[in-house]
Amino acid sequence: MQVSTRHVLQHGPVIAALGRTAALALKQRVQGVTPSGGPVPGPEIHRSRDPLPRDLVSDYVRYMGGDPRAYRGALPPHLFPAWCMPAFARTLEGLPYPLLRVVNGGCKVVVQGRLPDNEPLEVRAHLQKIDDDGRRAVLEQHVTTGTKSSPEALVIDFYSIVPLSKSGNGGSKKSAPEAKKEKARVPEGAREIQRTRLRRDAGLAFAKLTGDFNPIHWVAPYARASGFKNVILHGFGSLGLCWEALNKNLFGGDVDAISSFDARLSRPLVLPHEVGVYVLGKDVFVGDAPGGPAYLVGSFTAKGEP
C-alpha cells in the first residue's frame, strides 16, 4: 500500500518536536554532555493535539493490516506516536545523557477507554524513573492521553535506553564484566497467526503516517552510518502490526478486545523483511520463524482479564 505524502502536512507538532530534539542533540555533541536535570519524578509536561484527520487514521489502520470501519468514531490505541511525541520528547530535555544515543526499548500500553476521534487530545507526560548502572541508563516516561469525554483513556509507560561507556556517563567508575545476554527468539511452540512482507520503504510509510521522521528509518546512508545494515522499521511500527494481527486473528476483528499490551523491542528489524506474528498463550512475538530471532517480545491481556 502506498502512503500519501500529503499526510506529512498533518504532523507539524511531531516534526517540530523531532527538530528541537535534533538541535539539542547537536548542541550536546558540540559542547559535550553536561550533567544536569531536575528531580525524578520530573515535572509534568502538558500538550494538546487537535483531532487527527479521519483519512490519516483510516490510512494508518489500513497500513497496519486492520479494518478502518472497526474504528468508526475512535482512534486506534497504537497510533500514539502521532500525538505523544511532543510531550514525550520534552521529558528527556536537561538530562545528563546524549540524546543521539537514546533508543526505543519498548512500552506498556493500558487501554482504559476508547479515544474519540472528534475531540482534542490532552497529553500529559513526565519522567518517572531513571535506572543507571554505569553501562546503560533506562529512562521510564509515564504518558497519559485523554479527551473531555474520555479522560485518561490511554496510559503508557515508555522505556528509553541510553548505552553508556564502560566508565559510565563520563565518570570514573568501572563496570564489572557481564556475560553476554542471549537475544530473544521466537519459542519453538509458538503459533504463527499472520505473515507480512515489509517493503524497503516501510519506515518512510510509517513516518508519513505518524510524523516520526528519524532518518534511521528511511535514509539508508544515515542508517548505515548509525551501525545498521540498512534502514530499520520503527519499533512502534512492529507494535502496530502485531496489535492489528491480534485483533483480526485472535479476537475476530474486535478492536476493543485488548486491554493492555506490554512490548519489549529486542533487536532492530532491518528492511526489507518478511516477518510473522506468533502467539504462545498470552505472549506474542514478531520474528522470522519459531526458533529464529524475535524483534518484538510482548504480552497482552483482554477485556475482563486481570
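Residues numbered from 1 in each chain as written. Predicted model: local features only at pLDDT ≥ 70, side-chain atom pairs only at ≥ 80, totals over all residues. Heavy atoms only, no water.

*Asks:* Hey, could you run me through empty space enclosed by the protein in this one?
*Replies:* Once rolled over the atoms, a probe with the size of a water molecule shows which space is left empty. Inspection of the entire model under this criterion finds 1 cavity of 30 Å³ or more. Taken together, Gln194, Thr196, Leu198, Leu233, Ser238, Leu241, Leu269, Val275, Val277 and Val286 form the lining of the largest cavity. Counting only elements with at least two residues in the lining of the largest cavity, the list comes to strand S8 (191–198), helix H6 (235–249) and strand S10 (273–280). Ranked by residues supplied to the lining of the largest cavity, first place goes to S8 with 3 residues. For the lining of the largest cavity, the residue count by class is 7 nonpolar, 3 polar and no charged. (1 Å grid on protein atoms, 1.4 Å probe; cavity = no way out; pocket = protein on both sides within 12 Å on 5 of 7 lines; lining within 4 Å. Points joined across faces, edges and corners; volume = space filled by probe spheres on them. Helix = DSSP H or I, 4+ residues; strand = E, 2+ residues; numbered from the N terminus. Nonpolar A, V, L, I, M, F, W, Y, C, P; charged D, E, K, R; others polar.)

*Asks:* Help me understand the environment of Asp256, please; the structure alone is not making it clear to me.
*Replies:* For Asp256, the position within the fold is in the loop between H6 and strand S9 (258–265). Relative accessible area serves as the criterion here: at 31%, Asp256 is assigned to the partly exposed category. Through-space distance from the C-alpha of Asp256 to that of Ala302 is 8.7 Å; in sequence the pair is 46 residues apart. Look past the residues within four positions of Asp256 in its chain and what remains in contact with it is Arg114 and Lys303. Looking at Asp256, its side chain comes within polar contact range of the side chain of Arg114, at 2.9 Å. (Buried < 20%, exposed > 50% of the residue type's maximum accessible area, 1.4 Å probe, protein only. Contact = heavy atoms within 4.5 Å. Polar contact = N/O pair within 3.5 Å; in protein donor to acceptor, adjacent residues only side chain to side chain.)

*Asks:* I'm lost on the packing of helix H1 (residues 12–31) against helix H3 (residues 81–90) in this one. Help?
*Replies:* Contact geometry for H1 and H3: axes closest at 8 Å, N-to-C directions at 30 degrees. Judged by the inter-axis angle, H1 sits roughly parallel to H3. In this structure, H1 meets H3 at a crossing whose hand is left-handed. Within the contact between the two elements, H1 uses Pro13, Val14, Ala17, Leu18, Arg20 and Thr21 and H3 uses Pro81, Ala82, Met85, Pro86, Ala89 and Arg90. (Axes fitted to C-alpha atoms, helices over the stretch in contact; angles between N-to-C directions. Parallel < 35°, antiparallel > 145°, perpendicular 65-115°, else oblique. Left-handed = near helix turned anticlockwise from the far one by under 90°.)

*Asks:* Help me out: how do you make sense of the nonpolar core in this one?
*Replies:* One recurring pattern in soluble globular proteins is that nonpolar side chains are buried together. Residues Phe80, Trp83, Phe158, Leu239 and Phe261 are the most contacted members of the largest nonpolar core, which totals 63 residues. In terms of residues, this core owes the most to one element, H6, which gives 7 residues. Discounting chain neighbours no more than four positions away, the residues touching Leu239 are Phe80, Cys107, Phe261, Ala263 and Leu296. Counting residues in each nonpolar core, the second largest holds 10 residues, with Tyr97, Leu99, Leu139 and Leu164 among its members. (Core = buried A, V, L, I, M, F, W, Y, C linked by side-chain atoms within 4.5 Å.)

Nothing here speaks to function; it is all geometry.
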